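# What the coordinates show
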Amino acid sequence: NKSKQHHFIKSKQRHFTKLKQQNNLIMKNTLLTICICVSAIFTGCKNQVDVSKAIIGDWTIVEADGIAVETGFETPSISFKEDGNVYGNTSINKFFGSYTVASDKSSTISFGNMGMTKMAGPTFETENAVTAGLGKASKVKIDNCCSCMEFLDAEGNVVMKLEKKEATPEADEK
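Residues numbered from 1 in each chain as written. Predicted model: local features only at pLDDT ≥ 70, side-chain atom pairs only at ≥ 80, totals over all residues. Heavy atoms only, no water.

Only one face of strand 5 (residues 94-101) is buried: it carries Phe95, Gly97, Tyr99 and Val101, and the other face, with Lys94, Phe96, Ser98 and Thr100, is open. Strand direction decides the pairing type here: strand 4 (residues 85-89) and strand 5, joined by 5 bridges, are antiparallel. Across the sheet, residue Asn85 finds its bridge partner in strand 5, namely Ser98. Where strand 4 hands over to strand 5, the hairpin turn is made up of 4 residues, of which Ser91 adopts a positive phi near 105°. Alignment of strand 5 against strand 6 (residues 109-116), held across 6 bridges, turns out to be antiparallel. Following the sheet pairing, Tyr99 is matched in strand 6 by Phe111. (Buried < 20%, exposed > 50% of the residue type's maximum accessible area, 1.4 Å probe, protein only. Helix = DSSP H or I, 4+ residues; strand = E, 2+ residues; numbered from the N terminus. Pairing = 2+ DSSP bridges.)

As enumerated under the stated definition, the model contains 4 salt bridges in all. One salt bridge in this structure joins Asp65 and Lys136, with 2.7 Å as the shortest N-O distance. You can see Asp65 sitting in the loop between strand 1 (57-64) and strand 2 (67-68) and its partner Lys136 sitting in helix 3 (residues 125-136), a full 71 residues away along the chain. (Salt bridge = Lys/Arg side-chain N within 4 Å of Asp/Glu carboxyl O.)

Here we take up the packing of aromatic side chains. Under the defined criterion, the tally for this structure stands at 4 aromatic pairs. Between the aromatic rings of Phe80 and Tyr99, the centroid separation amounts to 4.9 Å while the plane-to-plane angle is 80°, which identifies the pairing as edge-to-face. Pair noted here: Phe80 is in strand 3 (residues 77-80) and Tyr99 is in strand 5, with a separation of 19 residues, a long-range link. For Tyr99, a relative accessible area of 9% gives the class buried. With centroids separated by 6.3 Å and ring planes inclined at 40°, the aromatic side chains of Phe80 and Phe111 adopt a geometry described as tilted. Of this pair, Phe80 sits in strand 3 while Phe111 sits in strand 6, placing them 31 residues apart in sequence. Overall, the relative accessible area of 0% leaves Phe80 in the buried class. Three or more aromatic residues joined by ring pairs make a cluster, and in this case those are Phe80, Tyr99, Phe111 and Phe151. (Phe/Tyr/Trp six-rings, centres within 6.5 Å; stacked < 30°, edge-to-face > 60°.)

Following this line, the structure appears as structure tokens:
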């Protein structure tokens, strides 16, 4: 009887030791998976982009000078071309001009030779916010993970928020 108990106890000890080893392996694998995921989050979406290249394309303006934009005749947008030209609309009027962006870590931006049409529209609140945001912009911050961009003023305050437009075949033909 004691021999059976001893055998039973040894069997349970081996079983628990095996379970403990399996649990340790599961814990190690789980910890490794968590470390890989955290590492991917912190390294995969860093803002380590050449802003002078990443800015190229069409962007929807979603916030300007602290207000969410409203649509007048069109959704406010801005397009940056490789040749240094910029154009877009304020929701009512179209604007155009040139820009320069530093390709170094400073990511400074400046607009020059800007012009704008002068049509009347339902509300100028959005237009005024867009033109104010463009006038205050001195730095660009791009997040490739969300295809988002922000313009910052000289003090680091966000003066405009933008989202990258998805490329469409019609837009590519223009």
